[in-house]
Amino acid sequence: MNALRSNPTGRPWRIMLLAALAGVAITVGAALAMTATDQALFCGSCHSMAEAALTHKRSPHAKLACNECHAPHNLAAKLPFKAKEGTRDIYSTTLGTIPDLIHPGEETKDVVQANCRRCHVASTMTVSMETKKYCTDCHRHVPHTPKLPIARRSAADV
Amino acid sequence: SEPSEPMTPTYKTKLSAEEMKNSAFKAEFPLQYETYLRNNESQIMTEYGGSVPYNKHDNVNPLPEGYKHAQPYLKNLWLGYPFSYEYRAARGHTYAVKDILHIDRLNNYSEKAGLPSTCWNCKTPKMMEWVKENGDAFWAKDFHEFRQKLDVDDHTIGCANCHEPQTMELRLYSEPLKDYLKSQNKEFKNLSRNEKRALVCGQCHVEYYFQDKEFGAAKKPVFPWANGFDPEDMFEYYKTHGNTTTKGFEGNFVDWVHPVSKTPMLKAQHPEYETWINGVHGSAGVTCADCHMSYTRLDGKKKMSTHHWTSPLKDPDLRACRQCHTDKTPDYLRQRVLFTQNKVWEQLMVAQDISVKAHEAIRMAAEYTGPKPADYDDLMIEARQMCRKGQFFWDLISAENSVGFHNPTKALNTLAQSQQYSQKAVDVAIRAAAFTTAKDLDGDIKKIVPPILKHSRELQMDPAHMATHKWFKYLPVTPKAPRVWDGQTRLVPPPAPAAAPAS
Amino acid sequence: SEPSEPMTPTYKTKLSAEEMKNSAFKAEFPLQYETYLRNNESQIMTEYGGSVPYNKHDNVNPLPEGYKHAQPYLKNLWLGYPFSYEYRAARGHTYAVKDILHIDRLNNYSEKAGLPSTCWNCKTPKMMEWVKENGDAFWAKDFHEFRQKLDVDDHTIGCANCHEPQTMELRLYSEPLKDYLKSQNKEFKNLSRNEKRALVCGQCHVEYYFQDKEFGAAKKPVFPWANGFDPEDMFEYYKTHGNTTTKGFEGNFVDWVHPVSKTPMLKAQHPEYETWINGVHGSAGVTCADCHMSYTRLDGKKKMSTHHWTSPLKDPDLRACRQCHTDKTPDYLRQRVLFTQNKVWEQLMVAQDISVKAHEAIRMAAEYTGPKPADYDDLMIEARQMCRKGQFFWDLISAENSVGFHNPTKALNTLAQSQQYSQKAVDVAIRAAAFTTAKDLDGDIKKIVPPILKHSRELQMDPAHMATHKWFKYLPVTPKAPRVWDGQTRLVPPPAPAAAPAS
Ligand SMILES: [Ca+2]
Ligand SMILES: [Ca+2]
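Residues numbered from 1 in each chain as written. Chains lettered and ligands numbered in written order. Predicted model: local features only at pLDDT ≥ 70, side-chain atom pairs only at ≥ 80, totals over all residues. Heavy atoms only, no water.

An unreviewed UniProt entry annotates chain A as 7-cyano-7-deazaguanine reductase of Nitratidesulfovibrio oxamicus. Recorded in UniProt under Subcellular location (unreviewed entry), the annotation for chain A is "Cell membrane". For the record of chain A, the UniProt heading Sequence similarities (unreviewed entry) holds the text "Belongs to the NapC/NirT/NrfH family." (UniProt positions renumbered as here; feature names shortened; annotations may be inferred.)

Here it is in C-alpha cells:
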C-alpha cells in the first residue's frame, strides 16, 4: 500500500524530488515564497487537501495559515520539515499513491501540538492543559471537525 | 482556489433514463463499477459479521455451512413459516438475485411459490419496470412468474436502484419508502445530501410487511413506521393494521400462526435503518454510506465512494471508521465494537431460549385437560400476546445485521424487554394450566425442546424426518412433490394451460 | 517576539506537609477554594441526578424527602442491613462529614455504632492522621470514638485527600487504593497525569468491603479487584475472600444475611470507577476530572480546574462536555444521556422487582412443610446463590451514580444478567418447594410484597411499626433505647468507665 516506504523503485524518485524541492526552497529563498506556501490557498490547491481546507475555513482558526500549525515555527526546523513534507505530498500526488485515508502522522501531531502551545501559551500558563497527550484530545474539533458526517466535509472527486 | 461546499459531482451520461442493466454503467463509471464487482467477495468473516452465507441457525457445522455464532433455535421459533426452511447470512448485493432464486423460503416444488412477487422488491431494479407495467396488481402475483424475466448479474441490486441513470443523482426506486415519505409530507429530492446517504439504504434495510387486502393493494410492501421506529412503536402499529379475526387479536397484522403454540406471530426483517436512526451514530448524522461506502482512491488519485457494501471491519485498517476516529487505532475500535457485540450476542441467546420456552408453555397449557381457572381463555390470549411480543422484540435485534453496534443501548434494552415479555408468557401460561405445567417446564430448555438442526421443504415431505422432533407433529407432512424450479431453470414442463372457464 | 515557552504550573506553598484543614488552603488558592465552596449547593436536580439528598427509596413523597426516580424496594432488599435504615442521594463533598454524622446507618442509639471506623475512610483527610496513629488497629475501632475528633467543615473531604500540600501534586491518601496499586506493581507517582485524574476519584468512588480478620487487619477496607473490574470478576472474587461457614457458601465473603430468605448477601457501593473504566469514555481515556472538574475561568482570566464536583448536566450549557463535543448542542447531548438513562432506569426497576421475588420465593420454599424433593438442600443453596448474585449485579448498577451513562452497554448487560439470576433463584426455589409455591408467587409483586416506605432504627424499636409489613417479622424488635449521638453532640452522659479488671 505504502509505495513510498515499501517500493524500492520509488527511491530514486524520492531523492530527486527531495533535491528539487529543497533546491527551490533554498534558491528562491524569498520570504514571499516561504509564506505563500504556508497558506490555505496554496495547500488547498491540491485536491487531496480540499477537506482539510474546507473544514479549516469554517473554523475559528480560519485566518491562520496552514503552516502556523503544520510546520515548526522555528525557521531552522521549518525548512527541512517543509521540504520533506512537501516532497512527500508532491510525490504521492504525482505518482498516484495518495492513500485512502490521509492520516496525521506522529510527526505531524507533534509539530501541531507544539504550535498549539506556542499560540495559546497564556491559556496554559495558569493550569496545565497537558493532562492529555494532545490538546486535540479535548479540543477534538480543532480545526478539522473530524466527527462531522462525511457529507458535510467531503465529496467524491469529479 | 477557495474550498467549496462538498457536493456530489454531477454527471450527464449517455444512458437512457430507463436503464436497468448494471453492465450498462460500466463504461461511464469504470471505477465505481470495479468496486461494485468486489461485492462478489464472499469468503471473509469478522467475529460476528462478514460475507459467508452460512445457515444462521447452524452452530454445529463449520463454515461455510454453519458458524460458531449461529442462533440454534431459529427453525423452532419460525416453525411453520418459510423462514424455517432456509435463512442464511447476507452477502454482497451482486448475489441478491442468485440467492433469492435458490432460497428454500420460496416453494420450488410447486407452481405456486407460496410467496408473492413482493419478494422481488429488494432484489432488483427491474421492480421499476414491473410495477409500471402491472400497477398495484403486481404485488400479489406469484413470485415464479418473474423468475425468468431478469438476468442474474445485470439485474441484481445495482446502479438504477439508487441512481437516476442520466445524472447519477441519488433517487428512490422503492415504492414503500416513497409512500412513507409522502405520508410525512417529505420529498426525497428536497432532503439533504446527508439524509439521502442513509435513505437509499433505507429502501431495503428495513422492517416491512405485506399489506392485507383490506388496507389497500394486497401484498404491497409497507414499512410499519407510522408511530415511530422503536420496537414498541412498530408493535403498536401492527395491532391495528391487519385483518385477523382470532379472538384477542382482532385487527392485528399477523405474519403466520406458530403451529406449536397457535400464536399469531410477527416476523421482523433487517431493521438496520430503524436501529441506526436513533443510535450513537445515527443521531449524530453519521450515515450508512459514511461507514459502508467510504471514500477510496482506486486510481491512486481520485476520491470516489466505494460501492463494496460490506462489513467495515473486514478492512484490517478500519479506514471507514478512522475518517472520523482519527485518534484511535484499528485495534482499539475493533475491541470497542466487540465490547458491544459480545454483550448483545449473550442477551440474544438468552432471549431466544425464553422465547422457545414461551411456545412450549403455551402448548402445554393449550393441551392441559384438568380443571381450568375461570379466566382460562383470557389467560391464553394474554400468554400468546406476550409470546408474540417477546419474539418480535428478540427478532428485531436478531434480524438486525450489526449485532447491536448500530445502536448498543436500544439493542440491549430491547433484548431485556423481549426476555421479560417471553417470561411473562411462560408465567401466564403456567397459570392458565393451573400451575400443573410448572414442573415440566423447569430445567434446561435445550433438553425440553431441542434445537431443530435440519428442516427444509423437501424434508417436510419425509415422514421419517417429521418424526425426529416433537414439535414437528404440529406441522403437516407435505405431499411428495418433484422440484419445479432450480434457479431460473424449469425442471418439469409447465402445466397445461387451464381450460378457459365455461361462460 | 517569540512567545515564551509554556510551562506547567508548579507550586511551592507555605503549608505544612501534614496540613489537613481545608481552610488552610484558602489563602494560597482562593479560586480553587471558591469553587470548592460551591459544593454547598444542594438544591439543583437533573432528570436522574443532582444534589438534593432525598431518600433513595421514596418515590412517593416530593423533594426534598423523596423523588420521582426513586427505587421503592431498597428497604426490602437491604432488610437487616444498616442501609435499610437510611440511604440518601449523594451531595457535595463539603457535606461528607455532616452527612455521615447524621446517617441512621450508624447506630446513634448506642455506645456501639455497629459499624467500624472504616466508615471514616472516605469522608475526611484526618484518615491519614488516624491511620498513622493507630496503625491497622484503627479500622476495627468503634466509629463513635472519632465523632468529636474532627471539624465538620475543615475536615470534610478536601484538598489534602488529593494533593500533597506543599507542591499540590496529586497524591493518594487512600490505604485500600495504595494496597491495590502495590498488588499491581504500580506506583502512583509514576502513572501518567491522565490516569491520576481518575485515580484520585478511584480512592472513594469504588466498590469496597471490610476485610474479615482471617485475611489481614480486621475491618480494613479492600477493593475487590484482583480478578478485574467487571461484575462477574468481583462476584468471583468474593467467593474466596471471606470467613463464612454456611453450607454452600464456605469461604465466601458475606456482608449480611438477608433475614427473610436467609441468603448470605453482598452489598455494592458506588462503583463509579469500575463502571467507567471500560465504558465509552473511560476506555478512550476521558477521565472523571475531564467531566466533573472541567477547566473554568473564575476571574474572567485565569483558567483553573473547577473543584465543584457535581453532575455536569446541572450546567445548562454542558460546558464540561462541549470542550470535546464542540459540534453538538447542549440539548442534543442532554438527550443522548437521557436516551441511555431512561433505558437503564427501566431495566433497574425490573431487576429490582425480580430480586424481591427471589427473596420471597426462597422464604416460601424454606417454610414449605410438604414432601420435599430429594435434592431440596442443594436446591435451596442454588436458589440462594442465584439470589445473592442477582441482587449484587442489580446493586452494582443501582449504587452506581450515573444511571448507566458511565458505561451504557455494561450497565444494561449487567441488569439483564441480574434479572436472569434472580429469575433463576425464583425458578429453583419453586422447584425446591415441589412447585407448590408457583401459584402464590404468580402475579403483581407489588401486591405480594409491598415496598417498605418507612423504616429506621427508631421505628424498629416500635412493635406497632414492626407489625406493618409481613417481612418485618423476620427482624427482631429492638429494645427501646435513647438517642446517644446527634451529630457531634452527646445526648446522654458517657457510661461510667468500666472497672479495671482485677489482676
Ligand atoms: Ca416484518
Ligand atoms: Ca461492597
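### Remarks on the overall build of chain B
Scanning chain B from terminus to terminus reveals 18 helices and 8 strands. Over its C-alpha trace chain B gives a radius of gyration of 24 Å, about what one expects of a compact globule, namely 23 Å for 503 residues. The C-alpha extent of chain B, read off along each of the three principal axes, is 85 × 70 × 45 Å. Within chain B, contacts between residues at least 6 apart in sequence are counted, and of these 66% link residues at least 24 apart. (Helix = DSSP H or I, 4+ residues; strand = E, 2+ residues; numbered from the N terminus. Rg over C-alpha atoms; globule rule 2.2 N^0.38 Å. Contact = heavy atoms within 4.5 Å.)

### Describing the overall build of chain A
Tallying secondary structure elements over chain A gives 9 helices and 0 strands in all. Scanning chain A from its N terminus toward the C terminus, one meets helices and strands in the order α-α-α-α-α-α-α-α-α. Looking at the 158 residues of chain A, the share that counts as buried comes to 39%. Sequence separation of at least 24 residues holds for 69% of the intrachain contacts in chain A that already meet a minimum separation of 6. By element, 68% of the accessible surface of chain A is carried by carbon and sulfur atoms, the whole surface being about 8,600 Å². (Buried < 20%, exposed > 50% of the residue type's maximum accessible area, 1.4 Å probe, protein only. Areas by Shrake-Rupley, 256 points an atom, 1.4 Å probe, with all protein chains shown as cover.)

### Considerations on the confidence of the model for chain B
Chain-level pLDDT for chain B is 97 on average; 99% of the residues reach the 70-or-more range. Scored as a whole, the predicted complex attains pTM 0.95, and scored at its interfaces, ipTM 0.94. (pLDDT = per-residue confidence, 0-100.)

### Describing the interface of chain B and chain A
In this assembly, 33 residues from chain B lie in contact with 30 residues from chain A. Across the chain B to chain A interface the summed buried area is about 3,000 Å²; carbon plus sulfur atoms make up 54%. Inspection of the region where chain B meets chain A yields 2 salt bridges. The salt bridge involving Asp 100 of chain A is made with Arg 319 of chain B; its shortest N-O contact spans 3.3 Å. Only α7 (193-199), β5 (295-296), β6 (304-305) and α12 (319-322) of chain B provide two or more residues apiece to the side of chain B that touches chain A. For the side of chain B that touches chain A, the element with the most residues is α7 of chain B, which contributes 3 residues. Across the side of chain B that touches chain A, the residue classes tally to 9 nonpolar, 11 polar and 13 charged. (Buried area = accessible area lost by both parts, 1.4 Å probe. Salt bridge = Lys/Arg side-chain N within 4 Å of Asp/Glu carboxyl O. Nonpolar A, V, L, I, M, F, W, Y, C, P; charged D, E, K, R; others polar.)

### Considerations on the coordination of the calcium ion (ligand 2)
All names here are of chain C. Protein ligation of the calcium ion (ligand 2) involves Glu 207 (OE), Glu 207 (OE), Tyr 208 (O), Lys 267 (O) and Gln 269 (OE1), the donor distances falling in the range 2.3 to 2.6 Å. Here the donor residues of the calcium ion (ligand 2) are spaced in sequence according to E-Y-x58-K-x1-Q. Residue Glu 207 is found in the loop between α7 (193-199) and β1 (209-210), and its partner Lys 267 is found in the loop between β4 (263-265) and α9 (272-276); the two are separated by 60 residues along the sequence. The same class applies to Glu 207 and to Lys 267, which are both buried. (Donors = N, O, S within 2.8 Å, 3.2 Å for Na, K, Ca; no water.)

### Side note on the coordination of the calcium ion (ligand 1)
Here the calcium ion (ligand 1) is held by Glu 207 of chain B (OE), Glu 207 of chain B (OE), Tyr 208 of chain B (O), Lys 267 of chain B (O) and Gln 269 of chain B (OE1), and the distances to it run 2.3 to 2.7 Å. Here the donor residues of the calcium ion (ligand 1) share one chain and are spaced in sequence as E-Y-x58-K-x1-Q.

### Details of the interface of chain C and chain A
Counting residues at the interface gives 26 residues for chain C, matched by 21 residues for chain A. Each partner contributes to the roughly 2,000 Å² buried at the junction of chain C and chain A, and carbon and sulfur atoms together form 54% of this total. Inspection of the region where chain C meets chain A yields 1 salt bridge. Of the charged contacts in the structure, one is a salt bridge between Lys 132 of chain A and Asp 290 of chain C, with a shortest N-O distance of 2.4 Å. Counting across the interface, chain C meets chain A through 12 residue pairs in polar contact (both at pLDDT 80 or more). Among the residues making up the side of chain C that touches chain A, the classes are represented as 9 nonpolar, 9 polar and 8 charged. (Polar contact = N/O pair within 3.5 Å; in protein donor to acceptor, adjacent residues only side chain to side chain.)

### Digging into the side chain of Asp 157 of chain A
Looking at the element boundaries, Asp 157 of chain A is found in the segment after α9 (121-125). Lys 303 of chain B provides the closest opposite charge to the buried, unpaired Asp 157 of chain A, separated from it by 4.1 Å. Side chain to side chain, Asp 157 of chain A and His 47 of chain A meet in a polar contact 3.4 Å long. Only 2.6 Å separates the side chain of Asp 157 of chain A from the backbone nitrogen of Lys 303 of chain B, close enough to count as a polar contact. (Lys, Arg positive; Asp, Glu negative; His and termini not counted.)

### A look at the nonpolar core
Nonpolar side chains tend to gather and get buried jointly when the protein is soluble and globular. Membership of the largest hydrophobic core comes to 106 residues, with the highest contact counts inside it found for Trp 225, Tyr 273 and Phe 392 of chain B together with Trp 225, Tyr 273 and Phe 392 of chain C. Sequence-distant contacts of Phe 392 of chain B, that is, excluding residues within four places in its chain, are made with Glu 207, Pro 231, Met 234, Phe 235, Tyr 238, Leu 266, Lys 267 and Ala 268 of chain B. Among the nonpolar cores identified, the runner-up in size contains 68 residues, and Val 260 of chain B together with Trp 345, Val 449 and Trp 471 of chain C belong to it. (Core = buried A, V, L, I, M, F, W, Y, C linked by side-chain atoms within 4.5 Å.)

### Side note on the confidence of the model for chain A
Note that predicted coordinates carrying low pLDDT should not be read in detail. Residues and elements named next belong to chain A. When pLDDT is averaged along chain A, the result is 79; 78% of the residues meet or exceed 70. For the stretch residues 1-16, pLDDT sits under 50, and the model shows 11 contacts to residues farther than four places along the chain or on other chains. pLDDT under 50 marks residues 23-30. Its contacts with residues more than four places away, or in other chains, come to 3 contacts.

### Concerning the environment of Pro 82 of chain C
Looking at the secondary structure, you find Pro 82 of chain C in the loop between α2 (74-77) and α3 (96-102). Each C-alpha atom, one on Pro 82 of chain C and one on Tyr 95 of chain C, is 20 Å from the other, the two residues being 13 residues apart in sequence.

### Let's talk about the packing of helix α7 (residues 75-95) of chain A against helix α8 (residues 106-119) of chain A
Relative placement of two packed helices is described by the angle separating their axes and the distance separating the axes. Residue and element names in this part refer to chain A. Packing of α7 against α8 brings their axes to within 13 Å, and their N-to-C directions diverge by 140°. With respect to α8, the element α7 is oriented oblique. As for the relative orientation of α7 and α8, their crossing is left-handed in sense. Two secondary-structure elements touch here, α7 through Phe 81, Lys 84 and Glu 85 and α8 through Glu 107, Thr 108 and Val 111. Split by residue class, the contact of α7 with α8 holds 2 nonpolar, 1 polar and 3 charged. (Axes fitted to C-alpha atoms, helices over the stretch in contact; angles between N-to-C directions. Parallel < 35°, antiparallel > 145°, perpendicular 65-115°, else oblique. Left-handed = near helix turned anticlockwise from the far one by under 90°.)

### Here's the deal with the pattern of salt bridges
Opposite charge on two side chains allows them to pair when their charged atoms are near. Summed over the entire model, instances satisfying the criterion amount to 62 salt bridges over all chains. Ionic pairing is found between Asp 179 of chain B and Lys 220 of chain B, a salt bridge with its closest N-O pair at 2.9 Å. Residue Asp 179 of chain B is found in helix α6 (residues 175-183), and its partner Lys 220 of chain B is found in the loop between β1 (209-210) and β2 (221-222); the two are separated by 41 residues along the sequence. Taking relative accessible area as the criterion, Asp 179 of chain B reaches 30% and is therefore assigned partly exposed. What emerges from the salt-bridge pattern is a single network uniting Lys 84, Glu 85, Arg 88, Asp 89 and Glu 107 of chain A.

### What to know about the packing of helix α13 (residues 330-367) of chain B against helix α15 (residues 408-432) of chain C
With their axes 10 Å apart at the nearest point, α13 of chain B and α15 of chain C run at an angle of 30° to one another. Considering their axes alone, α13 of chain B and α15 of chain C lie roughly parallel with respect to each other. Pair α13 of chain B / α15 of chain C crosses with left-handed handedness. Residues Phe 339, Thr 340, Lys 343, Glu 346, Gln 347, Val 350 and Lys 357 of chain B of α13 of chain B touch α15 of chain C, and the partners they reach there are Thr 409, Lys 410, Asn 413, Ala 416, Gln 417, Gln 420 and Asp 427 of chain C. Among the residues forming the contact of α13 of chain B with α15 of chain C, the class breakdown is 3 nonpolar, 6 polar and 5 charged.

### A word on the side chain of Glu 400 of chain B
Residues and elements named next belong to chain B. Here Glu 400 is to be found in the loop between α14 (376-398) and α15 (408-432). In this structure the side chain of Glu 400 is engaged in a polar contact, spanning 2.7 Å, whose partner is the side chain of His 406. Contacts of Glu 400, omitting those with residues within four sequence positions, involve Pro 271, Glu 272, Thr 275, Asp 395 and His 406.

### Topic: the packing of aromatic side chains
Evaluation of the coordinates by the stated rule reveals 68 aromatic pairs over all chains. Each ring, one from Tyr 81 of chain B and one from Trp 256 of chain B, has its centre 4.5 Å from the other, and the planes form 25°; the classification is stacked. One end of the pair, Tyr 81 of chain B, is in the loop between α2 (74-77) and α3 (96-102); the other, Trp 256 of chain B, is in strand β3 (residues 256-258), with 175 residues separating them in the sequence. Exposure class is identical for Tyr 81 of chain B and Trp 256 of chain B. Each is buried. An aromatic cluster is defined as three or more aromatic residues linked by ring pairs; in this entry it consists of Tyr 209, Phe 235, Tyr 237, Tyr 238, Phe 253, Phe 392, Phe 393 and Tyr 421 of chain B. Its guanidinium or amino end placed over the ring of Phe 83 of chain B, Arg 105 of chain B lies 4.0 Å from that ring's centre, counting from NZ or CZ. Here the basic side chain of Lys 267 of chain C rests over the ring of Phe 83 of chain C, its NZ or CZ set 4.4 Å away from the ring centre. (Phe/Tyr/Trp six-rings, centres within 6.5 Å; stacked < 30°, edge-to-face > 60°. Lys NZ or Arg CZ within 6 Å of the ring centre and 35° of its normal.)

### Details of unusual backbone geometry
Residue Pro 143 of chain A follows Val 142 of chain A across a cis peptide bond; omega there is -20°. Examined against the element boundaries, Pro 143 of chain A turns out to sit in the segment after α9. In this structure, Pro 64 of chain C follows Leu 63 of chain C across a cis peptide bond, with omega equal to 0°. With respect to the element layout, Pro 64 of chain C can be found in the loop between α1 (30-37) and α2. Notably, Thr 145 of chain A is not glycine yet its phi reads approximately 35°, a positive angle. Looking at the element boundaries, Thr 145 of chain A is found in the segment after α9. With a phi close to 50°, Val 403 of chain C is a non-glycine residue in the positive phi region. Note on Val 403 of chain C: relative accessible area 10%, which makes it buried.

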